[in-house]
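Topology and contacts: notes
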Amino acid sequence: MVAGGWTHAKLAEATGVDPKSVERWVNLGRIPGRATAITAAEALGEDVHALWPALRQPRTARAVSPELVALYEQRADIPVSIFVDLLSSAQEQVDVLVYAAVFLHEAYPRLNELLREKAEAGCRVRICLGDANSPNVQLRGQEEKFGHGIETRCRLALLHYRALVGVPRVEIRTHGTTLYNSVYRVDDQALINAHVWGVNAYGAPVWHLRRAEGGSMFDTYAKSFDAVWSTAQEVTPDGTN
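Sequence positions are assigned chain by chain, starting from 1 and proceeding in written order. Given that this is a predicted model, residues contribute local features only at a pLDDT of at least 70 and side-chain atom pairs are listed and counted only at 80 or more, while totals for whole chains, interfaces and linings are drawn from all residues. Neither water nor hydrogens contribute to the side-chain values; these are computed over all heavy atoms in the structure.

**Examining the nonpolar core**
As a reminder of what qualifies: Here the nonpolar core consists of buried residues drawn from Ala, Val, Leu, Ile, Met, Phe, Trp, Tyr and Cys, with membership extended through side-chain atoms lying within 4.5 Å. Classification of residues uses two cut-offs on accessible area relative to the type maximum, computed with a 1.4 Å probe and protein chains only: under 20% is buried, over 50% is exposed, and between them is partly exposed.
In this structure, Val94, Leu115, Ile127, Leu129, Tyr161, Ile172 and Tyr184 are the most contacted members of the largest nonpolar core, which totals 35 residues. Residues Val137, Ala194, Phe218 and Ala222 belong to the second largest nonpolar core, which totals 21 residues.

Have a look at this one:
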């Protein structure tokens, strides 16, 4: 850090952590989570294992991650109120990465109003939906054994959210990626709905995560959202994207 002119605050900003965490790495020998350590090493131009040799060793499996709030066997087991309560708690950020997730609008018709209210209160709202014309999205429909159903749901989802296009601090985009999980992220919490081959998302597990010191699961999914978002196409008020 000295050789590169790095301060605690500068490295903290580059890795997305609190400066006190960097102080603990340097002064107390604390070891960051693997994902954070890799980011820090890349910023410093060093080998991550040279900085933290202990990361070479396999970690002891933990029965429960400190980031895991709850685990649901399938999405259908979760009351929609869980999703609504999470969205209602937003202070800064709402990110939704799905193919369609039309169940939200169907079960909670005020969803658009809620998101609009959050945006008006200063939240950044990003909704990323599947592009019905994408071969990857269409393949997912075949794997679910719903045929063209997923394409129809993607178009329906876009119709639901179109009322928010043009609202300040709300962005709607469509993606054509192979999606391995649906992500519903609000500030430092997220609901992650796994995608299982041959199973509709409502029948697949969901884990509720909360960002915690020393954990990396939450950030892994947050970065996954950003990666897909960067490739997605904006939906414009005139209906093009």
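**Examining the pattern of salt bridges**
To keep things clear, this is the line we draw: A side-chain nitrogen of Lys or Arg and a carboxyl oxygen of Asp or Glu constitute a salt bridge if their distance falls within 4 Å. Strands here mean DSSP runs of E at least two residues long; helices mean DSSP runs of H or I at least four residues long; both are numbered from the N terminus.
Per the counting criterion, the structure on display carries nine salt bridges. In this structure, Asp95 engages Arg185 in a salt bridge whose closest nitrogen and oxygen atoms are separated by 3.9 Å. Taken as a pair, Asp95 in strand E2 (residues 93-97) and Arg185 in strand E5 (residues 181-186) lie far apart in primary sequence, 90 residues in all. One exposure class covers both Asp95 and Arg185, and it is buried.

**Describing the packing of helix H1 (residues 8-15) against helix H3 (residues 34-44)**
Filter applied, for reference: Lines fitted to the C-alpha atoms define the axes, with helices restricted to the stretch that makes contact. Angles between their N-to-C directions range from 0 to 180 degrees. Each angle gets one of four labels, with under 35 degrees taken as roughly parallel, over 145 as roughly antiparallel, 65 to 115 as roughly perpendicular, and the rest as oblique. Should the near helix be turned anticlockwise from the far one by less than a right angle, the crossing is left-handed, and should it be turned clockwise, the crossing is right-handed. Working rule for contacts: check all heavy atoms of both residues, and any pair within 4.5 Å makes them a contact.
Taken N-terminus to C-terminus, the directions of H1 and H3 make an angle of 120°; their axes are 9 Å apart at the nearest point. As far as their axial angle goes, H3 and H1 are oblique. Our pair here, H1 against H3, has a crossing hand that is right-handed. Of the residues in H3, those in contact with Leu11, Ala14 and Thr15 of H1 are Thr36, Thr39, Ala40, Ala43 and Leu44.

**Some details on the layout of surface pockets**
This is how the line gets drawn: A pocket, in this scheme, is an open set of points on a 1 Å grid over the protein atoms alone with protein on both sides within 12 Å along at least 5 of 7 lines, while a cavity is a set where a 1.4 Å probe fits but cannot get out; residues line either one if an atom lies within 4 Å of a point. Grid points are joined across faces, edges and corners, and a volume is the space filled by probe spheres set on the points. In the scheme used here, Gly and all other residues not listed as nonpolar or charged are polar, with Ala, Val, Leu, Ile, Met, Phe, Trp, Tyr, Cys and Pro taken as nonpolar and Asp, Glu, Lys and Arg as charged.
Estimated volume of the largest pocket: approximately 620 Å³. Lining of the largest pocket is provided by 28 residues; of these, Thr15, Gly16, Val17, Thr36 and Asp219 occupy positions nearest its centre. Secondary structure elements with two or more residues in the lining of the largest pocket: H1, helix H2 (19-28), H3 and helix H10 (217-231). Classifying every residue of the lining of the largest pocket by side-chain character gives eight nonpolar, nine polar and 11 charged.

**Let's talk about H1**
This is how the line gets drawn: This arc describes the spread of directions from the helix axis toward the C-beta atoms.
When we look at burial in H1, the residues that qualify are Leu11, Ala12 and Thr15. All buried residues of H1 project into a common sector of 105° when viewed along the axis, lining one side. Lining the buried residues of H1 we find H2 and H3. Where H1 terminates, the next one or two residues include Gly16, which has phi positive at roughly 75°.

These figures come from the coordinates and say nothing about function on their own.
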